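# Report on the structure
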Amino acid sequence: MMRDWNMRVGCRSIRAALDALAGAPASALPAWATEHLAHCSSCARTVAAARLAQGLVAQTTGEPQVPAGFAERVLAATVRASRREEGAAELWAPARRLLPAFAAATACCLILLEVMVWTGPAGSLVDEELTTGEQFVLGVTPPDPDAVLTVVMAGDAP
Amino acid sequence: MVGGFLRNQADIEDVAQDVFMKAYAAMPGFRTTAPFAPWIVQIAVRTTYDRLRQRGRNRSREVGWEDLPGTEQLAASQLATHGHTEEQAAARDLADRLLASLSPKDRMALILADGLGYSAAEVGKALGVSALAVRLRLHRARQKARQVAGQLVGGIPDDA
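All chains use their own residue numbering, which begins from 1 and follows the written sequence. Lettering for chains starts from A, numbering for ligands starts from 1, and both go in the order in which the items are written. Given that the model is predicted, a residue must reach a pLDDT of at least 70 before its local features are reported, and side-chain atom pairs must reach 80 or more before they are shown or counted; all residues, however, enter totals for whole chains, interfaces and linings.

## A short note on the overall build of chain B
- Going along the chain from the N terminus, every DSSP run of H or I of four or more residues is numbered as a helix, and every run of E of two or more is numbered as a strand. Per the secondary structure count, chain B includes eight helices and zero strands.
- Of the regular secondary structure in chain B, the N- to C-terminal order runs α-α-α-α-α-α-α-α.
- The proportion of buried residues among the 160 residues of chain B is 38%.
- Note that contacts rest on C-beta atoms placed from the backbone: two residues are in contact if these are within 7 Å. Restricting to contacts in chain B with at least 6 residues of sequence separation, those with at least 24 account for 59%. The burial label depends on the number of other C-beta atoms within 10 Å of a residue's C-beta. Counts of 20 or more mean buried, 12 or fewer mean exposed, and intermediate counts mean partly exposed, with C-beta atoms placed from the backbone.

## Describing the overall build of chain A
- When helices and strands are counted, chain A shows eight helices and zero strands.
- Secondary structure elements of chain A, listed N to C terminal, follow the sequence α-α-α-α-α-α-α-α.
- Sequence-distant contacts, at least 24 apart, represent 49% of the contacts inside chain A between residues at least 6 apart.

## Concerning the interface of chain A and chain B
- Counting residues at the interface gives 25 residues for chain A, matched by 31 residues for chain B.
- When contributions to the side of chain A that touches chain B are tallied by element, the ones reaching two or more residues are α4 (41–59) and α5 (70–91) of chain A.
- Of the residues in the side of chain A that touches chain B, the class split is 16 nonpolar, six polar and three charged. Charged residues are taken to be Asp, Glu, Lys and Arg, nonpolar residues to be Ala, Val, Leu, Ile, Met, Phe, Trp, Tyr, Cys and Pro, and polar residues to be all remaining types, Gly included.

## Quick notes on the packing of helix α6 (residues 104–115) of chain B against helix α8 (residues 131–153) of chain B
All names here are of chain B.
- Inter-axis angles, ranging from 0 to 180 degrees, are taken between N-to-C directions of lines fitted to C-alpha atoms, where helices are fitted over the stretch in contact. Where α6 meets α8, the closest approach of the two axes is 9 Å, and the angle between their N-to-C directions is 95°. By the angle between their axes, α6 is roughly perpendicular relative to α8. When α6 is examined against α8, the residues K105, D106, A109, L110 and A113 are found in contact with a partner set consisting of V134, R137, L138, R140, A141, R142 and A145.
- Residues of the contact of α6 with α8, tallied by class, amount to seven nonpolar, no polar and five charged. An angle below 35 degrees is treated as roughly parallel, one above 145 as roughly antiparallel, one from 65 to 115 as roughly perpendicular, and anything else as oblique.

## Let's talk about the confidence of the model for chain B
- For every residue, the pLDDT score states the predictor's confidence, bounded by 0 at the bottom and 100 at the top. Considering every residue of chain B, the mean pLDDT works out to 83; 93% of them sit at 70 or more.
- Reported for the predicted complex are a pTM of 0.63 and an ipTM of 0.78.

## A word on helix α4 (residues 70–82) of chain B
- Every helix has an expected span of 1.5 Å times one less than the residues it contains. In this model, α4(B) (13 residues) spans 18 Å end to end at C-alpha, consistent with the 18 Å of a helix rising 1.5 Å per residue.
- All of the buried residues along α4(B) are B:E72, B:Q73, B:A75, B:A76, B:S77, B:Q78, B:L79 and B:A80.
- Buried positions along α4(B) lie against α4 of chain A together with α5 (88–99) and α8 of chain B.
- Once α4(B) ends, the next one or two residues include B:G83, with phi positive near 85°.

## A word on the packing of α4(A) against α8(B)
- For the pair α4(A) and α8(B), the least separation of the axes is 8 Å and the interaxial angle reads 115°. It follows that α4(A) is roughly perpendicular to α8(B) by the angle criterion. Between α4(A) and α8(B) lies a crossing of right-handed hand. Between α4(A) and α8(B), the residues in contact are A:R45, A:A48, A:A49, A:A50, A:L52, A:A53 and A:V57 and B:A145, B:R146, B:A149, B:G150, B:L152 and B:V153, respectively.
- Here the contact of α4(A) with α8(B) is built from residues that sort into ten nonpolar, one polar and two charged. Crossing chirality is assigned from the near helix's rotation relative to the far helix, an anticlockwise turn below a right angle marking it left-handed and a clockwise turn marking it right-handed.

## Brief notes about the environment of B:I156
- As for its position among the elements, B:I156 is in the segment after α8.
- Distance from B:I156 to B:E66, taken between C-alpha atoms, is 9.8 Å for residues 90 residues apart in sequence.

## Overview of the confidence of the model for chain A
- Residue-level pLDDT values for chain A average 77, and 83% of them are 70 or greater.
- Looking across chain A, the model is least confident in helix α7 (residues 132–138) of chain A, with a mean pLDDT of 73, and most confident in α4(A), with 87.

The following block contains the structure:
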């Protein structure tokens, strides 16, 4: 009865310390663990499995061996990639150079349009709508002395 | 590092080249005041993860003791007993079999933490998850790895 209880306590202790026990070789285990593992095949298997798993994970992190010519291949690939990017950029370069001219032309068009909108109503006046005095001032009809006198006498001068 | 996650030499070279090219392309966005190592590790981990995920469908099945070549059996029994082995290449193959039973993220978390000694926070940063999620993932990954290793240990003869 007492022996079973001791075994159960030992099994629990082994499980609790599994990470630390797995990291140590069998010869470096503490005495209590060695004693328990000698009598408990289940715990012995658990510790061995944990040690194997840990050892295998450690195998994945060895010193890397860089294959011959690797650096040159990476460099060449990087140069190729940056040339591709430059090529794509050059495709748009003429358009980019014309951009200021295009902007200036657009601005001129806008200004002209604006001017036309402002001068539109004045330009649309027809000569017939002007009074005789306005036609003289604006030079629509050549000044005739008799007509000028008539206009002045009529009080129609602007 | 990439060599730790992948076994096939062509895959390793491919991914390593991708990592360098991605790092070169991302260099303008790198803050010079920030440490370089975590930045490049993050690129390496994410590039490798993409490759592992692509290969995920072809995950190899778990193997029993009888399926292992003699050198891998020897490496397994030496590692289980002494914690080290002279059969490095066989042990590396065996490690690949063991890790193939894990999901890509579990596998990467296990290698970064238990293989390379990164903290949970560092692993989390590299994988893009929280430190707590890494601890949970590590617990699950260790259990699974021990379970697979336990199947192998069951086959080790007593006199090994």
